[in-house]
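Tertiary structure, described
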Amino acid sequence: GAVVSQHPSRVICKSGTSVKIECRSLDFQATTMFWYRQFPKQSLMLMATSNEGSKATYEQGVEKDKFLINHASLTLSTLTVTSAHPEDSSFYICSARDRGYNEQFFGPGTRLTVL
Amino acid sequence: AQSVTQLGSHVSVSEGALVLLRCNYSSSVPPYLFWYVQYPNQGLQLLLKYTSAATLVKGINGFEAEFKKSETSFHLTKPSAHMSDAAEYFCAVSDILYSSASKIIFGSGTRLSIRP
């Protein structure tokens with residue numbers, strides 16, 4: 001089956017630093033990738049949608065300059081949390097959709113803790 | 001705008017008992033509905049999806065869900081719970097399928113616990 005990986009699985013950083021999270025589709029080409037944020041005991045909130053080679057589309061209320069998304073290839077998307085603060089601590093999940101738009105496949109998530 | 005509401009943030013059943021997780025949706029167009037499962041520290045796995053074909057949808061691991069338009073519901077059931085079913089379950093909705101514009105919106109999730 002289709003596999004989506006994320007790296008790192010956990011990251012701890014100091015306030016004010018930037019953190020990059022990678023999302024890769026391992027055995028298929030992902031024309032679209034999605035980034036979600038999940039707070040403890042809460043739902044997944046869609047942050048942005050990115051299509052390969054074009055700018056990401058952000059959901060209302062998501063700061064574009066804080067959450068930089070780059071979908072540079074058909075198998076890789078990155079989320080960079082710039083100048084991270086403790087309130088950015090969360091579980092970030094990416095998902096990828098193949099060319100046929102048939103299904104979204106989800107990565108295992110990245111736990112970000114900002115001290 | 002579309003949304004799903006999951007009734008009950010935590011459900012606990014005995015091993016072998018019926019599992020019923022409730023989901024109601026709101027949509028201005030015919031919805032596409034999904035159930036996902038999330039095990040601790042893992043990503044989401046699709047259990048089943050409704051795409052306007054049969055109203056009773058069978059999924060993996062013995063789960064099934066029934067689309068009821070009159071009740072705007074898509075409840076998830078399993079006749080006999082197993083310890084391995086303990087996980088977080090998410091109901092989700094999309095207004096478009098098989099399109100570059102489709103997005104999946106998730107409910108708040110229900111944590112299922114299984115008592116020995």
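Here the structure is shown first, and the text comes after it.
Residues numbered from 1 in each chain as written. Chains lettered and ligands numbered in written order. Predicted model: local features only at pLDDT ≥ 70, side-chain atom pairs only at ≥ 80, totals over all residues. Heavy atoms only, no water.

Along chain B, the regular secondary structure elements total zero helices and 11 strands. Counting from the amino terminus, chain B carries its helices and strands in the arrangement β-β-β-β-β-β-β-β-β-β-β. Its C-alpha atoms give chain B a radius of gyration of 14 Å, within 12% of the compact-globule value 13 Å for 116 residues. With the principal axes as the frame, chain B shows a C-alpha extent of 45 × 30 × 20 Å. (Helix = DSSP H or I, 4+ residues; strand = E, 2+ residues; numbered from the N terminus. Rg over C-alpha atoms; globule rule 2.2 N^0.38 Å.)

With that out of the way, let us pick up the overall build of chain A. Assigned secondary structure in chain A consists of zero helices and 11 strands. Radius of gyration (C-alpha) of chain A: 13 Å, near the 13 Å computed for a compact globule of 115 residues. For chain A, the residues scored as buried account for 52% of the 115 residues in total. Sequence separation of at least 24 residues holds for 55% of the intrachain contacts in chain A that already meet a minimum separation of 6. Accessible area of chain A: about 5,600 Å², with a carbon and sulfur share of 51%. Mean positive and mean negative side-chain charge positions of chain A (12 and 10 charges, respectively) differ by 5 Å. (Buried < 20%, exposed > 50% of the residue type's maximum accessible area, 1.4 Å probe, protein only. Contact = heavy atoms within 4.5 Å. Areas by Shrake-Rupley, 256 points an atom, 1.4 Å probe, with all protein chains shown as cover. Lys, Arg positive; Asp, Glu negative; His and termini not counted. Charge placed at Lys NZ, Arg CZ, Asp CG, Glu CD.)

Evaluated as defined, the whole model comprises two disulfides over all chains. One disulfide bridge connects A:Cys23 with A:Cys94, the sulfur atoms lying 2.0 Å from each other. Taking the sign of the torsion about the S-S bond as the criterion, the disulfide between A:Cys23 and A:Cys94, at about 80 degrees, is right-handed. Pair noted here: A:Cys23 is in strand β3 (residues 19–25) and A:Cys94 is in strand β9 (residues 90–98), with a separation of 71 residues, a long-range link. Since its relative accessible area comes to 0%, A:Cys23 is described here as buried. What pairs with B:Cys23 in a disulfide is B:Cys91, and their sulfur atoms sit 2.0 Å apart. For the disulfide bridge between B:Cys23 and B:Cys91, the dihedral angle about the S-S bond is near -65 degrees, and by the sign convention the bridge is left-handed. In this pair, B:Cys23 is assigned in strand β3 (residues 19–26) and B:Cys91 in strand β9 (residues 87–94), connecting sequence segments 68 residues apart. (Disulfide = S-S within 2.5 Å.)

We now examine the side chain of A:Ser25. Residues and elements named next belong to chain A. Here serine 25 shows up in strand β3. For serine 25, a relative accessible area of 3% gives the class buried. Within polar-contact distance, the side chain of serine 25 engages the backbone oxygen of leucine 74 at 3.5 Å. The residues touching serine 25, leaving out its near neighbours within four places in the chain, are Val3, Ala30, Met33, Leu74, Thr75 and Ala96. (Polar contact = N/O pair within 3.5 Å; in protein donor to acceptor, adjacent residues only side chain to side chain.)

What follows deals with the environment of B:Thr51. All names here are of chain B. Positionally, threonine 51 belongs in the loop between β5 (44–50) and β6 (56–58). For threonine 51, a relative accessible area of 26% corresponds to the partly exposed category. Counting along the chain gives 16 residues from threonine 51 to phenylalanine 67, while the straight-line C-alpha distance between them is 9.8 Å.

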